[in-house]
Amino acid sequence: MPGRPHVILMVTMTDRWMFRLGPRAAVAEANLICFPYAGGGAATFRLWPGRLPSQLAVWVVRLPGRASRLDEPAVADMAALADGIAEAVTARADVPFMFFGHSMGAVLACETAHALARRQAPMPLHLIVSGRRPPGMPGMEAPIHRLPDDAFIAAVGDRYGAIPAELIREPEVMALMLPGLRADFTALETFQPGPRAPLDCPISVFGGVHDRLAPRAHLEAWRGQTTGPVRLRLFPGGHFYLNDQHAALLAEVSTVAAPMLRDAVMSDASA
């Protein structure tokens, strides 16, 4: 499995909100839908199809204002983003699916699950949230989405260390990145969920042992987001532990996906 070739592929040109990673010929029994962190994209998940069970198709959410949707205005509203993604997920709910979201992606994955529940649409069989406190829980860091451009870029770099210095030195590249990145932080920092029933799907909560932005107490708070079981797993590292603990993380994702894949195969066999 680690040696299986990987190909980044857009399976359909009509689905703006999601695209599939991996070889076109792969037949999936279930879908893993991945929600990137603020400013992130497919690169985070590029190796996943070759290192997860072959029956599990890996899809990545893509938001307006970046990559192939660069000609669209970025959306700075968490509920609007969740509604758009929920529509795309519903259209592909012919097989069972689960969500994985890191940092901002954890909040967006959770809100997409709630958007599906409001539609009475098929729900994810498992929600994996990583490196983020649950929606509505106050954080320790000050909001930065209203800062002037230079101060905003500096604050993102200081807090997350996520913008390579060579990009910061390229004004044209930053001009393309900045609207989407600022929209992500605006959506994240201004979102306050209203009263709603908790989800009922199992939740796995992942985090880095040394992540000061998502300490254990914040991760434990996800227990109030569902009536289903909640399991916490910490990995060595900080906020971007998933880049350093790739093998251990994907082994854990495979373990979470195993019951869904087993049930899907048994359902196909009995059909």
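Here's a quick rundown of the structure. The structure displayed is predicted, hence computed values, not measured ones. (Residues numbered from 1 in each chain as written. Predicted model: local features only at pLDDT ≥ 70, side-chain atom pairs only at ≥ 80, totals over all residues. Heavy atoms only, no water.)

**As for the overall build of the protein chain**
Heads up, the condition is: Helical segments are the DSSP runs of H or I of at least four residues, strand segments are the runs of E of at least two, and each set is numbered from the N terminus. For a compact globule the rule gives 2.2 Å times the number of residues to the power 0.38, and the radius of gyration it is set against comes from C-alpha atoms. Between buried and exposed lies partly exposed: a residue is buried under 20% and exposed over 50% of the maximum accessible area for its type, with that area taken using a 1.4 Å probe on protein chains only. Whether two residues are in contact is decided by their heavy atoms, any of which lying within 4.5 Å being enough. Surface accessibility in these figures is a Shrake-Rupley result with a 1.4 Å probe; residues are shielded only by whichever protein chains are displayed. This count recognises Lys and Arg as positive and Asp and Glu as negative, with His and chain-terminal groups excluded. For charged residues, the charge sits on one atom: NZ in Lys, CZ in Arg, CG in Asp, CD in Glu.
Along its length, the protein chain carries nine helices and seven strands. In terms of overall dimensions, the protein chain is globule-like: its C-alpha atoms have a radius of gyration of 18 Å, near the 18 Å expected for 271 residues. Principal-axis analysis of the C-alpha atoms gives the protein chain an extent of 60 × 40 × 35 Å. Burial status across the protein chain gives 50% buried among its 271 residues. Across the protein chain, contacts joining residues at least 24 apart in sequence account for 77% of those joining residues at least 6 apart. In the structure as shown, the protein chain presents an accessible area of about 12,400 Å², 57% of it carried by carbon and sulfur atoms. If the 25 positive side-chain charges of the protein chain are averaged to one point and the 25 negative ones to another, these points end up 3 Å apart.

**With respect to the environment of Phe99**
Mapped onto the secondary structure, Phe99 falls in strand 4 (residues 97-102). We classify Phe99 as buried; its relative accessible area is 0%. Along the sequence, Phe99 and Phe235 sit 136 residues apart, while their C-alpha atoms lie 19 Å from each other. The contact partners of Phe99, leaving out residues within four places of it in the chain, are Leu32, Ile33, Phe35, Val89, Ala109, Thr112, Ala113, Leu116, Pro124, His126, Leu127 and Ile128.

**Regarding the pairing of strand 1 (residues 18-21)**
What counts is decided by this rule: Any two strands are treated as partners once DSSP identifies two or more bridges connecting them.
Of the two faces of strand 1, both are covered, the one formed by Met18 and Arg20 as well as the one formed by Phe19 and Leu21. In this sheet, strand 3 (residues 56-61) lies alongside strand 1 in antiparallel orientation, the contact comprising four bridges. Across the sheet, Arg20 pairs through a bridge with Trp59, a residue of strand 3.

**Observations regarding the sheet that holds strand 5 (residues 127-130)**
To keep things clear, this is the line we draw: To obtain each axis, a line is fitted to C-alpha atoms, and for helices this fit is confined to the stretch in contact; angles are then taken between N-to-C directions over 0 to 180 degrees.
Strand order in this open sheet of seven strands is 1-3-2-4-5-6-7, and the pairing throughout is mixed. Each end of this open sheet is capped by a strand with a single partner; those strands are strand 1 and strand 7 (230-235). With direction set aside, neighbouring strand axes in the sheet form an average angle of 20°. For strand 5 and strand 6 (residues 203-208), the ladder comprises four bridges, and the chain directions are parallel. Of the residues in strand 6, the one forming a bridge with Ser130 is Phe206. The sheet strands contacting helix 3 (residues 104-119) are strand 2 (30-35), strand 4 and strand 5, and the helix crosses strand 4 at an angle near 145°.

**Quick look at helix 4 (residues 149-160)**
As a reminder of what qualifies: Helix span, as expected, comes to 1.5 Å for every residue beyond the first. The directions considered for the arc are those from the helix axis to the C-beta atoms.
Its 12 residues place the ends of helix 4 16 Å apart at the C-alpha level, agreeing with the 16 Å of an ideal helix rising 1.5 Å per residue. Phe152, Ile153, Ala155, Val156, Arg159 and Tyr160 are the residues of helix 4 that are buried. Axial view of helix 4: buried residues confined to an arc of 160°, hence all on one face. With respect to the buried face of helix 4, the exposed residues turned more than 90 degrees away are Asp150 and Asp158. A positive backbone phi angle near 60° is found at Gly161, which sits one or two residues after helix 4.

**Focus on the side chain of His102**
The residue His102 is located in strand 4 in this model. Note on His102: relative accessible area 1%, which makes it buried. If we skip the residues at most four places from it in the chain, His102 touches Phe35, Pro36, Tyr37, Ser130, Gly131, His239, Phe240, Tyr241 and Leu242.

**Overview of the environment of Ile85**
Counting through the fold element by element, Ile85 comes out in helix 2 (residues 78-91). Sequence separation between Ile85 and Phe99 is 14 residues, and the spatial gap between their C-alpha atoms is 12 Å.

**Details of the packing of helix 4 against helix 6 (residues 171-190)**
The line we're drawing: Small angles under 35 degrees read as roughly parallel and large ones over 145 as roughly antiparallel, with 65 to 115 read as roughly perpendicular and the rest as oblique. Left-handed describes a crossing whose near helix is turned anticlockwise from the far helix by less than a right angle; the clockwise case is right-handed. Residue polarity is assigned by list, with Asp, Glu, Lys and Arg as charged and Ala, Val, Leu, Ile, Met, Phe, Trp, Tyr, Cys and Pro as nonpolar; anything else, Gly included, falls into the polar class.
Where helix 4 meets helix 6, the axes come as close as 11 Å, and the angle between the chain directions of the two elements is 70°. Compared by their axis directions, helix 4 and helix 6 come out roughly perpendicular. Note on packing geometry: the crossing formed by helix 4 with helix 6 is left-handed. For the pair formed by helix 4 and helix 6, the contact residues are Asp149, Phe152, Ile153, Val156, Arg159 and Tyr160 on the first element and Met174, Leu178, Leu181, Arg182, Phe185 and Glu189 on the second. Across the contact of helix 4 with helix 6, the residue classes break down as eight nonpolar, no polar and four charged.

**Section: helix 2**
We count it as follows: In the analysis that follows, any N or O atom pair within 3.5 Å is treated as a polar contact, provided that within protein one partner can donate a hydrogen and the other can accept it, and provided that, for residues neighboring in sequence, both atoms belong to side chains.
Look at helix 2: 20 Å from first C-alpha to last across 14 residues, which is about the 20 Å you get at 1.5 Å a residue. Looking only at helix 2, the buried set comprises Met78, Leu81, Ala82, Gly84, Ile85, Ala86, Ala88 and Val89. Buried residues belonging to helix 2 abut strand 1, strand 2, strand 3, strand 4, helix 3 and helix 6. Measuring from the side-chain oxygen of the N-cap residue of helix 2 to the backbone nitrogen of Ala79 gives 3.1 Å; that N-cap residue is Asp77.

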